[in-house]
Every structure is written in C-alpha cells, then in structure tokens.
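Commentary on secondary and tertiary structure
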Amino acid sequence: MSALADRLASVQGSIADAARDAGRHPNEITTIVVTKFQPASLVAELAALGVQDIGENRHQEAQAKAAELASLGLRWHFVGQLQTKKARQVRAYANAIHSVDRPALVEALRSDESTIDCFVQVNLTEDPARGGVEPDGLDDLVELVLGTPGLRLRGLMGVAPLGEPARPAFGRMRLLSERVRRTAPDAASLSMGMSHDFREAILEGATHLRIGTAITGNRPDAG
Ligand SMILES: *Cc1c(COP(=O)(O)O)cnc(C)c1O
C-alpha cells in the first residue's frame, strides 16, 4: 500500500472506532479530505482510493482543481473564509459551502436558478477574526439563510479553538445545533472535527469531518 493509502485506511479505522464508542454507525459520518496546498495529482490519487468528498479553502486553487478533475465526479466542499465578491464563482463548482458566516455573504449566494448546500459557521473562539458568526447572532443568520432562495441549510460548522480542549467546544456546537433544529429540522448536520480532534467531534455528534494532514501528510507550502 502507498503511504497515502495507509494513512487513509488508518484514519478510516479510527473514525469507525470512535463511531462505535459513540454508539453511532460510521455510515452517518462523511469524511471530507481537505487538500488545500496539495497538487491535483494527490486529489486524483485519493479519488482512486475511493474518496468522494474533497475540501478546499482558497477559491482560485479550488476552482483550478475542480476544473482539472471534473471527470472524476468528486464533491467539492468549500471550507475557507469566503469573500462576498467570490461567492458566485464558488457556487459554480462547489457542492457545499461550509463557511456561511454573515448576511452579506448569504445575499451574494442568493440564486433563483440552482440550490447549493450550506453550513452556517459558528465562531467558537473569543477572536472575531477567526471567522464564523458569534453564537448570539446565530438565530438571525439561520433565519436569513432559510429565507434565501438557492441555499439549502444543512447545519452548522465549527473549528475548535486553539489552546483549549476540543470536546467542550464541540459540546457547545451540539447544543447550538439542537437549538437551530427547533426552527430548521432539516439542518441536522454538524461539520466539525479535523486531523487532531475528529474523535472528540464524533463523540459530540459530528456528521461531516474535515480532515487534512492526518490523511494527506504535511502540506507542501504554508497552511
Ligand atoms: C485546513 C482545514 C482543515 C483540515 O485541517 P487538518 O488539521 O489538516 O486536518 C479543516 N477545516 C478547515 C476550515 C481548514 O481550513
């Protein structure tokens, strides 16, 4: 087996273990492999290994890879901070946007022609620059998304804060998700859990993991 196949199998095994420990079925959990800074050739290798969901966080890079690999039928998840002026372009190739975090972006994503899956990103840190709506503003933003044509709200997305244990932060996400589901019963998904904290995320109900380096190995550039 290649090193990539090895790492993928190992992470898949850990996901199955965590799901079992949480009394959940691994089939309820979608693993998105985050390939930012990685070449398209690595994405193609992942596809050959059976990966179907790919995550990217920079528009130009994502657009180029999605175009180059269009024949592979992958699902592209945009997980990075998104500029309003790039929103329509991202809509064109992405299957889901995980980083909807402000009213101007919701407006920019409005469409009468097609529908895209989206997640409202919640800021779990004390730092407003980290992206995501503050928990206080969540209900209003959810209401706006629900009333905007062209967007299908799947649920919430969050990144665990640095320097504090991930599990309580994911527990807060779980509670916010329960609150949102009272007005939006279909928005039951939770996009949370990365290379170092996906186990904790699964224990708190994650349905969409966004895993990069644990599967891809180190990123070539920054990141
Ligand atoms: C890069 C990134 C990930 C994956 O991070 P790893 O630590 O490599 O697993 C997940 N979510 C977002 C939003 C990212 O930017």
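About the cut-offs
Residues numbered from 1 in each chain as written. Predicted model: local features only at pLDDT ≥ 70, side-chain atom pairs only at ≥ 80, totals over all residues. Heavy atoms only, no water. Near = heavy atom within 4 Å. Polar contact = N/O pair within 3.5 Å; in protein donor to acceptor, adjacent residues only side chain to side chain. Areas by Shrake-Rupley, 256 points an atom, 1.4 Å probe, with all protein chains shown as cover. Nonpolar A, V, L, I, M, F, W, Y, C, P; charged D, E, K, R; others polar. UniProt positions renumbered as here; feature names shortened; annotations may be inferred. Helix = DSSP H or I, 4+ residues; strand = E, 2+ residues; numbered from the N terminus. Core = buried A, V, L, I, M, F, W, Y, C linked by side-chain atoms within 4.5 Å. Buried < 20%, exposed > 50% of the residue type's maximum accessible area, 1.4 Å probe, protein only. Contact = heavy atoms within 4.5 Å.

1. Some remarks on the site of the ligand
- Every residue close to the ligand is listed here: Val34, Lys36, Asn57, Val79, Met194, Ser195, Arg210, Ile211, Gly212, Thr213 and Arg219.
- At a separation of 2.7 Å, an oxygen atom of the ligand approaches a polar side-chain atom of Lys36.
- Contacts to the ligand include Arg219, whose side-chain N or O atom sits 2.9 Å from an oxygen atom.
- Across the complex, the protein chains shield 89% of the 390 Å² of accessible surface that the ligand would expose by itself.
- Residue classes in the shell around the ligand are distributed as 4 nonpolar, 4 polar and 3 charged.

2. Remarks on the UniProt feature "modified residue: N6-(pyridoxal phosphate)lysine" (unreviewed entry) in the protein
- With numbering aligned to this structure, UniProt lists the feature "modified residue: N6-(pyridoxal phosphate)lysine" (unreviewed entry) at Lys36.
- Tracing the chain through its elements places Lys36 in the loop between β1 (30–34) and α2 (40–48).

3. Some words on the nonpolar core
- If you look at the biggest cluster of nonpolar residues, it comprises 62 residues, and the most contacted ones within it are Leu138 and Leu156.
- Apart from residues no more than four positions distant in its own chain, Leu138 is found in contact with Val120, Val122, Val133, Leu156, Leu176, Arg179 and Val180.

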